[in-house]
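Inside the fold
Read off the chains here:
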2 protein chains.
Amino acid sequence: MTTAKRDTYTPETLLSVAVQVFNERGYDGTSMEHLSRAAGISKSSIYHHVTGKEELLRRAVSRALDGLFGILDEEPARTGRASDRLEHVVHRMVEVLIAELPYVTLLLRVRGNTDTERWALDRRRDFDHRVAALMQAAAADGDIRSDVDGRLATRLVFGMINSIVEWYRPEIRGMGEREVADAVAKVVFEGLRRGD
Amino acid sequence: MTTAKRDTYTPETLLSVAVQVFNERGYDGTSMEHLSRAAGISKSSIYHHVTGKEELLRRAVSRALDGLFGILDEEPARTGRASDRLEHVVHRMVEVLIAELPYVTLLLRVRGNTDTERWALDRRRDFDHRVAALMQAAAADGDIRSDVDGRLATRLVFGMINSIVEWYRPEIRGMGEREVADAVAKVVFEGLRRGD
């Protein structure tokens, strides 16, 4: 039985267990022992797949970062007016966050105590800057209000989007990736007040 | 010197030190020993002021909750159209959050392991519901868009506001309580897109 279980373990399933444990205990508070118990395989079996917990962290946050950076390569994020590109990016950020919920949750909790964490923070900052640049370009085009500071607007929009990891649960009815993404885009770009 | 220091300690200054330590270490991770070292007074001196760390937590989150609930008692939150009352509440929530930053930060991190934490979560939920009810009333008046679910809109607005504790630092230039509150109200009610 044990052997069978080991054989069915893939780097992918191990990663998904590890992310869950990291999110529950915090990365610092997670030992290889915790991972071994949660995965139901021995520590040496884990070492067969990865060099240690830092590699699991790197793979997990890479998955979130690849999802986010992937958005910037999408056609509607690359061509057209900056404000339309920005709207596409905001929309897709919500979808990626929900699709990769545990991975993005982990990414957002990274604090910077290890090389991998500092690398992840750098990449997050890079992504934030690219979205902020899009916000600035849209403001320069005159499509985005100029009476709210661009950096502040970016922080508020990221704040709204990132807060989704705190309350989103797939089982909440009528709140799929699409509904939440649409709602965020509407609030952010058009506001809650009803137009006349 | 030690005696002099003890004498100048008030429940107020002790509270401010405790909140800082709770925010840094987490409430669960904070011992009376940590508080004693951070405050530079003996544990017995702390016990002279409070029964223990749970009382300090209760006082700290009470300060945040009193600030938030106080908003709902303000004249512009009680009279007038629901949408104007909602806008006042959103504006003042940001101001209170920034004015009481460490206390609100602690409140938002409470997880519910002790009676005091569960009580704080209940009160937070109560506050959220009262703002959600205002959102619903504004939608019923036809002043707030009806194509975004009210609960979802409330969560997104709270998400944007609460995220301020993650990045706000008083030393950031040009970002006083007023500027941030104005920016949040503009984005939330009017949206980022420039009207024609």
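Rules of the game
- Residues numbered from 1 in each chain as written.
- Chains lettered and ligands numbered in written order.
- Predicted model: local features only at pLDDT ≥ 70, side-chain atom pairs only at ≥ 80, totals over all residues.
- Heavy atoms only, no water.
- Helix = DSSP H or I, 4+ residues; strand = E, 2+ residues; numbered from the N terminus.
- Buried < 20%, exposed > 50% of the residue type's maximum accessible area, 1.4 Å probe, protein only.
- Contact = heavy atoms within 4.5 Å.
- Areas by Shrake-Rupley, 256 points an atom, 1.4 Å probe, with all protein chains shown as cover.
- Domains from an automatic or database assignment.
- Salt bridge = Lys/Arg side-chain N within 4 Å of Asp/Glu carboxyl O.
- Polar contact = N/O pair within 3.5 Å; in protein donor to acceptor, adjacent residues only side chain to side chain.
- Nonpolar A, V, L, I, M, F, W, Y, C, P; charged D, E, K, R; others polar.
- Buried area = accessible area lost by both parts, 1.4 Å probe.
- pLDDT = per-residue confidence, 0-100.
- Least-squares fit on C-alpha atoms with pLDDT ≥ 70 in both.
- Phe/Tyr/Trp six-rings, centres within 6.5 Å; stacked < 30°, edge-to-face > 60°.
- Lys NZ or Arg CZ within 6 Å of the ring centre and 35° of its normal.
- Expected span 1.5 Å × (residues − 1).

**Some words on the overall build of chain A**
Tallying secondary structure elements over chain A gives 12 helices and zero strands in all. In sequence order, the secondary structure elements of chain A are arranged as α-α-α-α-α-α-α-α-α-α-α-α. Seen through its C-alpha atoms, chain A measures out along the principal axes to roughly 65 × 40 × 30 Å. Considering chain A as a whole, with its 196 residues, one finds that 51% of them fall into the buried category. Put simply, 67% of the contacts in chain A that link residues at least 6 apart link residues at least 24 apart. Of the accessible surface of chain A, which amounts to about 9,600 Å², a share of 47% is contributed by carbon and sulfur atoms.

**Describing the domain arrangement of chain A**
Quite often, the size of an interface is put as the accessible area lost when its parts meet. Residue and element names in this part refer to chain A. Domain boundaries in chain A define domain 1 (2-50) and domain 2 (60-190). Once you take the C-alpha centre of each, domain 1 and domain 2 turn out to be 29 Å apart. Each partner contributes residues to the interface: domain 1 has eight residues there, and domain 2 has 10 residues. Summed over the shared surface of domain 1 and domain 2, the result is one salt bridge. Across the domain 1-domain 2 interface, the total number found is five residue pairs in polar contact (both at pLDDT 80 or more). Across the side of domain 1 that touches domain 2, the residue classes tally to four nonpolar, two polar and two charged.

**Points about the interface of chain B and chain A**
In this assembly, 39 residues from chain B lie in contact with 39 residues from chain A. Taking both sides of the interface into account, the surface hidden between chain B and chain A amounts to around 3,600 Å²; carbon and sulfur atoms contribute 61%. A per-residue breakdown of the area chain B buries against chain A is headed by Arg145(B), Leu192(B) and Arg193(B), which together make up 22% of the total. The closest approach of N and O atoms between Glu190(B) and Arg193(A), which form a salt bridge, is 3.9 Å. For the pair chain B and chain A, the interface holds 18 residue pairs in polar contact (both at pLDDT 80 or more). Counting residues per element, the ones that place at least two in the side of chain B that touches chain A are helix 10 (150-162), helix 11 (164-167) and helix 12 (177-190) of chain B. Class assignment for the residues of the side of chain B that touches chain A results in 19 nonpolar, five polar and 15 charged.

**Comments concerning the confidence of the model for chain A**
Looking at chain A as a whole, the pLDDT averages 92, with 95% of positions reaching at least 70. Counting interchain partners and residues more than four positions distant, the pLDDT-below-50 stretch residues 1-6 of chain A has five contacts.

**Observations regarding the environment of Val96(A)**
With respect to the element layout, Val96(A) can be found in helix 7 (residues 82-99). With residues near it in sequence (within four places) discarded, Val96(A) still touches Gly67(A), Leu68(A), Ile71(A) and Val104(A).

**Quick look at the relation of the copies chain B and chain A**
You can overlay chain B on chain A at an RMSD of 0.0 Å; the transform is a turn of 180 degrees with a shift of 0.0 Å along its axis. Read as a symmetry element, the transformation amounts to a two-fold axis. Both copies present the same face, since 100% of the interface residues in chain B are matched by interface residues at the equivalent positions in chain A.

**Things to note about the packing of aromatic side chains**
Geometrically, a pair of aromatic rings is defined through the distance of the ring centres and the angle of the planes. Tallying each qualifying case throughout the model produces eight aromatic pairs over all chains. Among the aromatic residues, those joined into a cluster by ring pairs are Phe69(A), Phe127(A) and Phe158(A). The ring of Phe69(B) has Arg123(B) sitting right over it, with the charged end atom 4.3 Å from the ring centre.

**A short note on the side chain of Arg145(A)**
Locating Arg145(A) in the fold gives a position in the loop between helix 9 (115-140) and helix 10 (150-162). Here the side chain of Arg145(A) touches Asp147(A) through a polar contact of 2.8 Å, side chain to side chain. Arg145(A) has contacts with Lys186(B), Glu190(B), Gly191(B), Leu192(B) and Arg194(B), leaving out every residue within four places of it along the chain.

**Quick look at helix 10 of chain B**
All names here are of chain B. The end-to-end C-alpha distance of helix 10, which contains 13 residues, comes to 18 Å, matching closely the 18 Å that a straight helix rising 1.5 Å per residue would cover. Of all 13 residues in helix 10, 10 are buried; the element is thus mostly enclosed. Those residues of helix 10 that sit buried are Leu152, Ala153, Thr154, Leu156, Val157, Phe158, Gly159, Met160, Ile161 and Asn162. Two to three positions downstream of the cap, the backbone nitrogen of Arg151 sits 3.1 Å from a side-chain oxygen, assigning the N-cap of helix 10 to Asp149.

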